[in-house]
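Residues per chain are reported as follows:
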Amino acid sequence: MPSTVALSVARYRPEMESEPTFQTYEVPFRKDWVVLDALNHVKDSLDGSLSYRWSCRMGVCGSCGMKVNGTPKLTCATFLSDYMPGPIRVEPLDYFPVVRDLVVDLTDFVRKLKQVKPWIIRKEEKPPSEGEYLQTPEQLDAYKQFSMCINCMLCYSACPIYGLEPGFIGPAAIALAQRYNMDSRDQGAAERLNILSEHDGIWQCTFVGECTKVCPKHVDPAGAIQQYKLTSATHWVKSLLLPWGTR
Ligand code: FES
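Nothing here was measured: the structure is a model prediction, and the numbers come from that model.

Here is what the cut-offs are and how they apply
- Residues numbered from 1 in each chain as written.
- Predicted model: local features only at pLDDT ≥ 70, side-chain atom pairs only at ≥ 80, totals over all residues.
- Heavy atoms only, no water.
- Helix = DSSP H or I, 4+ residues; strand = E, 2+ residues; numbered from the N terminus.
- Buried < 20%, exposed > 50% of the residue type's maximum accessible area, 1.4 Å probe, protein only.
- Contact = heavy atoms within 4.5 Å.
- Areas by Shrake-Rupley, 256 points an atom, 1.4 Å probe, with all protein chains shown as cover.
- Lys, Arg positive; Asp, Glu negative; His and termini not counted.
- Charge placed at Lys NZ, Arg CZ, Asp CG, Glu CD.
- Axes fitted to C-alpha atoms, helices over the stretch in contact; angles between N-to-C directions.
- Parallel < 35°, antiparallel > 145°, perpendicular 65-115°, else oblique.
- Left-handed = near helix turned anticlockwise from the far one by under 90°.
- Nonpolar A, V, L, I, M, F, W, Y, C, P; charged D, E, K, R; others polar.
- Core = buried A, V, L, I, M, F, W, Y, C linked by side-chain atoms within 4.5 Å.
- Phe/Tyr/Trp six-rings, centres within 6.5 Å; stacked < 30°, edge-to-face > 60°.
- Salt bridge = Lys/Arg side-chain N within 4 Å of Asp/Glu carboxyl O.
- Polar contact = N/O pair within 3.5 Å; in protein donor to acceptor, adjacent residues only side chain to side chain.

## Overview of the overall build of the chain
When its secondary structure is counted, the chain shows nine helices and seven strands. Taking the principal axes of its C-alpha atoms as reference, the chain extends roughly 70 × 40 × 35 Å. Per-residue burial for the chain yields a buried fraction of 46% across its 247 residues. Across the chain, every contact between residues at least 6 apart in sequence was considered, and the portion connecting residues at least 24 apart equals 62%. Just so you have it, the chain exposes about 13,000 Å², and 55% of that area is on carbon and sulfur atoms. Across the chain, the centroid of the 27 positively charged side chains sits 2 Å from that of the 28 negatively charged ones.

## A few points about the packing of helix α3 (residues 137-147) against helix α6 (residues 171-181)
Following both chains from N to C, one finds α3 and α6 inclined at 160 degrees, their axes separated by 8 Å at the closest point. Here α6 runs roughly antiparallel to α3, going by the angle between their axes. For the pair α3 and α6, the crossing hand works out as left-handed. Facing α3, whose interface residues are Tyr143, Phe146 and Ser147, α6 presents Ala175, Leu176, Gln178 and Arg179. Within the contact of α3 with α6, the residues separate by chemical class into four nonpolar, two polar and one charged.

## Considering the nonpolar core
With 65 residues, the main nonpolar core has Leu7, Leu39 and Tyr156 as its most contacted residues. The element best represented in this core is α6, accounting for six residues. Among residues more than four places away in sequence, those in contact with Leu39 are Leu7, Val9, Leu50, Tyr52, Met66, Val90 and Leu102.

## A closer look at the packing of aromatic side chains
Given two aromatic rings, their pairing is described by the distance between the two centres and the angle made by the two planes. The full count for this structure, using the stated rule, is five aromatic pairs. Consider the rings of Tyr95 and Tyr162, whose centres lie 6.4 Å apart with planes at 80 degrees: the pair is edge-to-face. Here Tyr162 lies in helix α5 (residues 160-164) and Tyr95 lies in the loop between β5 (88-91) and β6 (98-100), a separation of 67 residues in the sequence. Look at Tyr95 and you get partly exposed, because its relative accessible area is 39%. With a relative accessible area of 4%, Tyr162 lands in the buried category. Aromatic pair Phe96 and Tyr156: ring centres 6.2 Å apart, planes at 45 degrees, arrangement tilted. With Phe96 in the loop between β5 and β6 and Tyr156 in helix α4 (residues 154-158), the pair connects residues that are 60 residues apart, well separated along the chain. Accessibility expressed as a relative area gives 0% for Tyr156, which makes it buried.

## A word on the pattern of salt bridges
Taken as a whole, this structure holds 15 salt bridges when the rule is applied. A salt bridge links Asp108 to Arg111, with the nearest nitrogen and oxygen atoms 2.9 Å apart. Highlighted residues: Asp108 and Arg111, both in helix α2 (residues 107-115), separated by three residues, approximately one helical turn. Assessed through its relative accessible area of 46%, Arg111 is described here as partly exposed. Of the charged contacts, one joins Asp183 and Arg185 as a salt bridge, the two residues approaching to 2.6 Å between their closest N and O atoms. We classify Asp183 as buried; its relative accessible area is 2%. Since its relative accessible area comes to 22%, Arg185 is described here as partly exposed. Here the salt bridges do not stand alone but share partners, grouping Lys67, Arg89, Glu91 and Asp94 into one network.

## Structural notes on the side chain of Gln178
Checked against the element boundaries, Gln178 lands in helix α6. Given a relative accessible area of 6%, Gln178 falls into the buried group. In terms of polar contacts, Gln178 uses its side chain to reach the side chain of Asn181, at 3.1 Å. Contact partners of Gln178, with chain neighbours within four places excluded, come to Phe146, Ala224, Gln227 and Tyr228.

Written out as C-alpha coordinates, the structure reads:
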(Lines give C-alpha, C1' and ligand atoms only; values in the text may rest on other atoms or scores of the structure.)
Protein backbone atom coordinates (compact mmCIF):
# COMPACT_ATOMS: atom_id res chain seq x y z
CA MET A 1 0.00 0.00 0.00
CA PRO A 2 1.27 3.54 -0.71
CA SER A 3 2.06 5.73 2.28
CA THR A 4 -0.02 8.67 1.04
CA VAL A 5 -3.19 9.23 -0.94
CA ALA A 6 -4.40 12.20 -2.99
CA LEU A 7 -7.49 13.84 -1.55
CA SER A 8 -9.24 15.99 -4.13
CA VAL A 9 -11.47 18.36 -2.18
CA ALA A 10 -14.15 20.72 -3.51
CA ARG A 11 -13.44 24.31 -2.51
CA TYR A 12 -15.83 27.20 -2.68
CA ARG A 13 -14.94 30.48 -1.04
CA PRO A 14 -17.69 32.88 -2.06
CA GLU A 15 -15.54 35.95 -1.37
CA MET A 16 -12.83 34.66 -3.75
CA GLU A 17 -14.48 32.63 -6.49
CA SER A 18 -17.79 32.42 -8.34
CA GLU A 19 -17.64 28.66 -9.03
CA PRO A 20 -16.49 25.67 -6.93
CA THR A 21 -13.00 24.38 -7.76
CA PHE A 22 -11.01 21.33 -6.65
CA GLN A 23 -7.84 21.38 -4.58
CA THR A 24 -5.69 18.29 -4.16
CA TYR A 25 -3.90 17.47 -0.92
CA GLU A 26 -1.50 14.59 -0.40
CA VAL A 27 -2.43 13.06 2.97
CA PRO A 28 -0.93 10.12 4.88
CA PHE A 29 -2.62 6.80 4.25
CA ARG A 30 -3.32 4.86 7.43
CA LYS A 31 -5.44 1.75 7.50
CA ASP A 32 -7.50 2.99 10.44
CA TRP A 33 -8.11 6.48 9.00
CA VAL A 34 -11.51 7.51 7.77
CA VAL A 35 -12.08 10.33 5.27
CA LEU A 36 -12.81 12.70 8.16
CA ASP A 37 -9.35 11.96 9.63
CA ALA A 38 -7.82 12.94 6.30
CA LEU A 39 -9.83 16.19 6.23
CA ASN A 40 -8.75 16.92 9.80
CA HIS A 41 -5.15 16.34 8.76
CA VAL A 42 -5.58 18.86 5.94
CA LYS A 43 -7.15 21.37 8.31
CA ASP A 44 -4.57 20.90 11.08
CA SER A 45 -1.38 20.56 9.04
CA LEU A 46 -1.82 21.67 5.43
CA ASP A 47 -4.56 24.24 4.97
CA GLY A 48 -6.46 25.75 7.87
CA SER A 49 -8.87 27.52 5.52
CA LEU A 50 -10.77 24.33 4.61
CA SER A 51 -14.36 24.34 5.97
CA TYR A 52 -16.49 21.28 6.73
CA ARG A 53 -18.79 20.07 9.50
CA TRP A 54 -18.32 17.29 12.00
CA SER A 55 -18.87 16.74 15.67
CA CYS A 56 -19.16 13.25 17.18
CA ARG A 57 -16.79 11.26 14.96
CA MET A 58 -18.85 8.16 15.71
CA GLY A 59 -21.80 8.12 13.28
CA VAL A 60 -24.26 9.70 15.70
CA CYS A 61 -24.52 13.46 15.11
CA GLY A 62 -25.12 13.27 11.36
CA SER A 63 -23.10 16.40 10.58
CA CYS A 64 -20.20 14.97 8.54
CA GLY A 65 -22.19 13.93 5.44
CA MET A 66 -20.36 14.58 2.14
CA LYS A 67 -19.99 12.92 -1.24
CA VAL A 68 -17.01 10.57 -1.42
CA ASN A 69 -16.16 9.57 -4.98
CA GLY A 70 -19.68 10.58 -5.96
CA THR A 71 -21.65 8.72 -3.26
CA PRO A 72 -23.20 10.36 -0.19
CA LYS A 73 -21.37 9.07 2.91
CA LEU A 74 -20.76 9.81 6.55
CA THR A 75 -17.09 10.73 6.33
CA CYS A 76 -16.46 9.59 9.90
CA ALA A 77 -17.50 6.06 8.91
CA THR A 78 -15.85 5.86 5.48
CA PHE A 79 -12.37 4.34 5.45
CA LEU A 80 -9.62 5.56 3.14
CA SER A 81 -8.66 1.93 2.59
CA ASP A 82 -11.90 1.35 0.64
CA TYR A 83 -10.75 3.86 -1.99
CA MET A 84 -7.07 3.01 -2.36
CA PRO A 85 -4.94 3.73 -4.29
CA GLY A 86 -7.02 6.91 -4.75
CA PRO A 87 -7.41 9.65 -5.66
CA ILE A 88 -10.37 10.25 -3.34
CA ARG A 89 -12.79 12.99 -4.32
CA VAL A 90 -14.67 14.77 -1.53
CA GLU A 91 -17.55 17.10 -2.37
CA PRO A 92 -20.50 18.72 -0.58
CA LEU A 93 -23.83 16.89 -0.61
CA ASP A 94 -25.90 17.42 -3.77
CA TYR A 95 -29.05 19.54 -3.95
CA PHE A 96 -28.28 21.85 -1.02
CA PRO A 97 -26.84 25.34 -1.47
CA VAL A 98 -23.13 25.39 -0.66
CA VAL A 99 -22.24 27.90 2.03
CA ARG A 100 -18.48 27.31 1.85
CA ASP A 101 -16.25 24.42 0.73
CA LEU A 102 -18.00 21.27 2.06
CA VAL A 103 -20.58 23.05 4.21
CA VAL A 104 -24.16 23.08 2.91
CA ASP A 105 -27.21 25.07 3.98
CA LEU A 106 -29.85 22.79 5.54
CA THR A 107 -32.56 25.42 6.03
CA ASP A 108 -34.87 23.72 3.50
CA PHE A 109 -34.76 20.42 5.37
CA VAL A 110 -35.28 22.00 8.79
CA ARG A 111 -38.38 23.82 7.47
CA LYS A 112 -39.78 20.61 5.96
CA LEU A 113 -39.05 18.56 9.05
CA LYS A 114 -41.03 20.99 11.18
CA GLN A 115 -43.99 20.67 8.80
CA VAL A 116 -44.43 16.95 9.55
CA LYS A 117 -44.60 17.59 13.31
CA PRO A 118 -41.93 15.10 14.45
CA TRP A 119 -43.02 14.99 18.05
CA ILE A 120 -45.64 13.11 20.03
CA ILE A 121 -49.08 14.66 19.59
CA ARG A 122 -51.72 13.89 22.19
CA LYS A 123 -55.36 14.92 22.02
CA GLU A 124 -55.34 15.02 25.80
CA GLU A 125 -52.35 14.78 28.08
CA LYS A 126 -52.87 12.77 31.23
CA PRO A 127 -51.69 14.44 34.44
CA PRO A 128 -48.09 13.58 35.48
CA SER A 129 -49.47 11.94 38.64
CA GLU A 130 -50.86 9.12 36.43
CA GLY A 131 -47.34 8.16 35.37
CA GLU A 132 -45.60 7.54 32.05
CA TYR A 133 -47.15 6.28 28.84
CA LEU A 134 -45.85 2.73 28.91
CA GLN A 135 -45.00 0.64 25.86
CA THR A 136 -44.43 -3.03 25.29
CA PRO A 137 -41.22 -4.15 23.53
CA GLU A 138 -43.37 -4.96 20.47
CA GLN A 139 -44.78 -1.42 20.42
CA LEU A 140 -41.24 -0.06 20.59
CA ASP A 141 -40.13 -2.34 17.76
CA ALA A 142 -42.91 -0.97 15.54
CA TYR A 143 -41.17 2.42 15.13
CA LYS A 144 -37.62 1.87 16.40
CA GLN A 145 -36.10 1.49 12.94
CA PHE A 146 -37.38 4.92 11.88
CA SER A 147 -36.16 6.51 15.11
CA MET A 148 -32.55 5.74 14.15
CA CYS A 149 -32.49 8.65 11.66
CA ILE A 150 -29.67 11.11 12.47
CA ASN A 151 -30.70 13.81 9.95
CA CYS A 152 -27.45 13.40 8.03
CA MET A 153 -29.10 14.34 4.69
CA LEU A 154 -27.44 11.54 2.75
CA CYS A 155 -30.88 10.40 1.62
CA TYR A 156 -31.76 13.85 0.20
CA SER A 157 -28.46 14.02 -1.63
CA ALA A 158 -29.14 10.58 -3.16
CA CYS A 159 -32.76 11.31 -4.11
CA PRO A 160 -33.17 12.28 -7.78
CA ILE A 161 -36.73 13.44 -7.09
CA TYR A 162 -35.52 15.97 -4.52
CA GLY A 163 -32.97 17.11 -7.09
CA LEU A 164 -35.66 17.64 -9.75
CA GLU A 165 -38.45 18.88 -7.47
CA PRO A 166 -37.00 20.86 -4.58
CA GLY A 167 -40.53 21.19 -3.16
CA PHE A 168 -40.57 17.43 -2.40
CA ILE A 169 -40.70 17.02 1.34
CA GLY A 170 -38.06 14.32 1.14
CA PRO A 171 -37.15 10.91 2.58
CA ALA A 172 -35.94 11.74 6.11
CA ALA A 173 -38.90 14.00 6.90
CA ILE A 174 -41.31 11.25 5.79
CA ALA A 175 -39.44 8.56 7.74
CA LEU A 176 -39.51 10.72 10.85
CA ALA A 177 -43.23 11.39 10.41
CA GLN A 178 -43.71 7.63 10.24
CA ARG A 179 -41.58 7.20 13.36
CA TYR A 180 -44.21 9.16 15.32
CA ASN A 181 -47.24 7.72 13.51
CA MET A 182 -46.20 4.24 14.58
CA ASP A 183 -45.53 5.21 18.17
CA SER A 184 -48.32 3.83 20.37
CA ARG A 185 -48.24 7.03 22.47
CA ASP A 186 -48.96 9.30 19.52
CA GLN A 187 -52.35 10.48 18.25
CA GLY A 188 -51.22 12.78 15.45
CA ALA A 189 -51.20 10.44 12.44
CA ALA A 190 -54.26 12.05 10.81
CA GLU A 191 -52.70 15.53 11.06
CA ARG A 192 -49.47 14.32 9.47
CA LEU A 193 -51.34 12.39 6.79
CA ASN A 194 -53.06 15.60 5.65
CA ILE A 195 -49.68 17.29 5.27
CA LEU A 196 -47.96 14.37 3.55
CA SER A 197 -50.83 13.61 1.16
CA GLU A 198 -50.38 17.01 -0.45
CA HIS A 199 -48.65 17.36 -3.82
CA ASP A 200 -45.14 17.80 -2.42
CA GLY A 201 -45.57 15.00 0.09
CA ILE A 202 -45.40 11.27 -0.49
CA TRP A 203 -46.79 11.16 -4.04
CA GLN A 204 -43.72 12.81 -5.55
CA CYS A 205 -41.67 9.71 -4.69
CA THR A 206 -41.31 7.28 -7.59
CA PHE A 207 -39.62 4.66 -5.39
CA VAL A 208 -36.14 4.93 -6.82
CA GLY A 209 -34.93 3.54 -3.48
CA GLU A 210 -31.54 5.34 -3.45
CA CYS A 211 -32.43 6.91 -0.08
CA THR A 212 -32.54 3.51 1.57
CA LYS A 213 -29.31 2.37 -0.10
CA VAL A 214 -27.25 5.28 1.24
CA CYS A 215 -28.78 5.45 4.73
CA PRO A 216 -25.98 4.72 7.23
CA LYS A 217 -28.50 3.77 9.91
CA HIS A 218 -30.67 1.37 7.88
CA VAL A 219 -33.74 3.51 8.47
CA ASP A 220 -35.35 2.54 5.13
CA PRO A 221 -37.00 5.86 4.21
CA ALA A 222 -38.22 4.32 0.94
CA GLY A 223 -40.14 1.71 2.96
CA ALA A 224 -41.66 4.46 5.11
CA ILE A 225 -42.84 6.29 2.01
CA GLN A 226 -44.47 3.16 0.58
CA GLN A 227 -46.21 2.47 3.91
CA TYR A 228 -47.47 6.04 3.88
CA LYS A 229 -48.77 5.78 0.33
CA LEU A 230 -50.74 2.68 1.31
CA THR A 231 -52.18 4.40 4.38
CA SER A 232 -53.10 7.47 2.37
CA ALA A 233 -54.76 5.45 -0.40
CA THR A 234 -56.68 3.35 2.14
CA HIS A 235 -57.81 6.52 3.88
CA TRP A 236 -58.99 7.99 0.57
CA VAL A 237 -60.98 4.84 -0.37
CA LYS A 238 -62.58 4.74 3.08
CA SER A 239 -63.51 8.41 2.78
CA LEU A 240 -65.41 7.57 -0.44
CA LEU A 241 -67.16 4.54 1.04
CA LEU A 242 -67.74 5.92 4.53
CA PRO A 243 -67.93 9.69 4.06
CA TRP A 244 -69.40 10.16 7.57
CA GLY A 245 -66.35 8.91 9.38
CA THR A 246 -62.96 7.59 8.32
CA ARG A 247 -60.77 8.04 11.38
FE1 FES B 1 -20.99 12.76 13.77
FE2 FES B 1 -19.88 11.76 11.53
S3 FES B 1 -19.07 13.26 12.88
S4 FES B 1 -21.88 11.40 12.31
